[in-house]
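Geometric and topological summary
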Amino acid sequence: MLTLRKSQERGYADHGWLKSYHSFSFAGYYDAQHMGWGNLRVINEDRIDAGTGFGKHSHRDMEIISYVLSGELAHQDNMGNIKCIPPGDVQRMSAGAGVTHSEFNHAKDQNTHFLQIWIVPNVTGIAPGYEQKTISAHEKRGALRLVASPDGAQGSVTIHADAALYSGLFDGDEHAELALDPARKGYVHLIRGVLEVNGQQLSAGDAVMLENENRITLTKGSNAEVLVFDLSA
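Residues numbered from 1 in each chain as written. Predicted model: local features only at pLDDT ≥ 70, side-chain atom pairs only at ≥ 80, totals over all residues. Heavy atoms only, no water.

Describing the pairing of strand 18 (residues 200–203)
This is how it is decided: When DSSP locates at least two bridges between a pair of strands, those strands are taken to pair. Every helix listed is a DSSP run of H or I at least four residues long, and every strand listed is a run of E at least two residues long, numbered separately from the N terminus.
Here strand 17 (residues 185–197) runs beside strand 18; their pairing, made up of four bridges, is antiparallel. Of the residues in strand 18, the one forming a bridge with Glu196 is Gln201. Count of turn residues in the strand 17/strand 18 antiparallel hairpin: two residues, of which Asn198 carries a positive phi of about 50°.

Regarding the sheet that holds strand 8 (residues 82–85)
Operational definition: Geometry is summarised by axes, namely lines fitted to C-alpha atoms with helices restricted to the contacting stretch, and by angles between N-to-C directions that run from 0 to 180 degrees.
Read from one edge to the other, the open sheet built from four strands follows the order 5-10-7-8, with strand pairing classed as antiparallel. With partners counted over all chains shown, the strands left at the sheet margins are strand 5 (52–59) and strand 8, one partner each. Strand after strand, the sheet turns through a mean of 20° between neighbouring axes, direction not considered. Pairing between strand 7 (residues 73–77) and strand 8: four bridges, direction antiparallel. Note that in strand 8 the partner of Gln76 across the bridge is Ile82.

Examining the side chain of Glu45
Let me state the cut-off plainly: For every residue, the accessible area (1.4 Å probe, protein chains only) is compared with the maximum for its type, and the residue is labelled buried under 20%, exposed over 50%, or partly exposed between those bounds. Polar contact is the term for a pair of N or O atoms within 3.5 Å; when the atoms are in protein, one must be able to donate a hydrogen and the other to accept it, and sequence-neighboring residues count only if both atoms are side-chain atoms. Note on definitions: a residue-residue contact is assigned when non-hydrogen atoms from the two residues lie within 4.5 Å.
When you line up the elements, Glu45 lands in strand 4 (residues 40–48). With relative accessibility at 7%, the residue Glu45 sits in the buried group. A polar contact is formed between the side chain of Glu45 and the side chain of Arg47, at a distance of 3.4 Å. Those residues in contact with Glu45 that lie beyond four places of it in its chain are Arg10, Lys19, Ser20, Tyr21, His113, Phe114 and Leu115.

Structural notes on the sheet that holds strand 4
Overall, antiparallel pairing links the seven strands, which are arranged 2-3-4-11-6-9-12 in an open sheet. Two strands lie at the open edges of the sheet, namely strand 2 (11–14) and strand 12 (129–134), each paired on one side alone. The average angle at which neighbouring strand axes cross in this sheet is 15°, direction not considered. Bridge count between strand 6 (residues 63–70) and strand 11 (residues 112–119): seven bridges; the pairing is antiparallel. The residue of strand 11 that forms the bridge with Ser70 is His113.

What follows is the structure, given as structure tokens:
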């Protein structure tokens, strides 16, 4: 079964310096029908104005992935990490027993556009951790490239969760297929462009929730960039 969630159905918050779309209930946005999907808890599409950002704040027991689309995201935390996350990099922060960090856009004339993703871990109270990997556009072209997984396979970042995250770029005849255990859940989020998922057309910001399906098929892309999740039910 496929359930389509249109981009405009997401929650939206305008904080002036931050514009954010929420795929699931978050902060001041609450929708009892959209509290998460499987162990996927948050997908926020954030745009941060130049010279602004999130000040120091804390997290516990969550696997947090940042996927930058344009601009750069400056990260600093109490583990001693001071990092810049450009487009093409995937960042994983395991909050574990507790971490404090900040995220800023230090550019003077460019917004930072990124996705922040939270996945519920399968272990709690662990030491917090940080990892960042560069995944080239070439590796994602016409394919689903593994970018986050429980075992760090294929150069992906390692998450402490029963989930896998893939990214792909699709145009024209390019296509891909991912086998999915029908006992698990799938989630497809289209970042940009147009793409068909199991025959269902998606536009930028749309998502499809899948259950009792044995495969995810991506076809008929036009300037499409997509994230695909294999999730515990």
